[in-house]
Amino acid sequence: IMQVWISFACAVVLCVYGVWALPSAGTDRALLAVGFFFCLSASFTLQKTVRDNRDEQIDTQMWVFQVWAAFIIAFMLTGWGLFRLTIDGWHKAFLVGAALYLVSSSFVLAKTIRDNHEAKILGDNAAAGSSAK
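Residues numbered from 1 in each chain as written. Predicted model: local features only at pLDDT ≥ 70, side-chain atom pairs only at ≥ 80, totals over all residues. Heavy atoms only, no water.

> So what's going on with the pattern of salt bridges? Which residues, and what values?
Tallied over the entire structure, the rule returns eight salt bridges. Taking the shortest distance from any N to any O, the salt bridge between glutamate 118 and arginine 54 comes out at 3.4 Å. Of this pair, glutamate 118 sits in helix H4 (residues 89–132) while arginine 54 sits in the loop between helix H2 (26–52) and helix H3 (61–84), and the two are 64 residues apart along the sequence. Under the relative-accessibility criterion, glutamate 118 is labelled partly exposed at 24%. Using a relative accessible area of 46% as the deciding quantity, one classes arginine 54 as partly exposed. A salt bridge links aspartate 115 to lysine 111, with the shortest nitrogen-to-oxygen separation between them at 2.5 Å. Here aspartate 115 pairs with lysine 111, and both are found in helix H4, just four residues apart, close to one helical turn. Bridged by salt links that share partners, the residues Lys48, Arg51, Asp52, Arg54, Asp55, Lys111, Arg114, Asp115 and Glu118 form one connected network. (Salt bridge = Lys/Arg side-chain N within 4 Å of Asp/Glu carboxyl O. Helix = DSSP H or I, 4+ residues; strand = E, 2+ residues; numbered from the N terminus. Buried < 20%, exposed > 50% of the residue type's maximum accessible area, 1.4 Å probe, protein only.)

This is how it looks when you write it as structure tokens:
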């Protein structure tokens, strides 16, 4: 669990550093920061929606579509913004890597939190069942 939290924190720090050290105008940095935040938020929302609907669909089809659309749009707009920046290729590569690390670590973090929550519920139910006997 600690490794997952450390990995997520590292991803956030790398993204913040990449945006902060960007050799570009303040507006470019602000828009990139918003893009990273949009990708992060869309990732958490997508992960929760997929997990909530894994056994049976509890969300409307339109909600599921909106979540997937937001996730795809977030990546497309952030990628387009990175592509359009007039910076060195290695700066772009660092920012792309940091964004992908942020999103992948957010999926792992959300899954770990959810798995621990479900394990606790199962453990509490098993303990309650044992004490009822």
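> Any details on the nonpolar core? Residues and values, ideally.
With 17 residues, the main nonpolar core has Leu22, Leu32, Phe36, Leu85, Leu95 and Leu102 as its most contacted residues. Every element with two or more residues in this core is listed here: helix H1 (2–20), H2 and H4. With sequence-adjacent residues up to four places away left out, leucine 102 is seen in contact with Phe8, Ala11, Val12, Cys15, Phe36 and Leu40. If you look at the next biggest cluster of nonpolar residues, it comprises seven residues, including Cys39, Leu46, Phe71 and Val103. (Core = buried A, V, L, I, M, F, W, Y, C linked by side-chain atoms within 4.5 Å. Contact = heavy atoms within 4.5 Å.)

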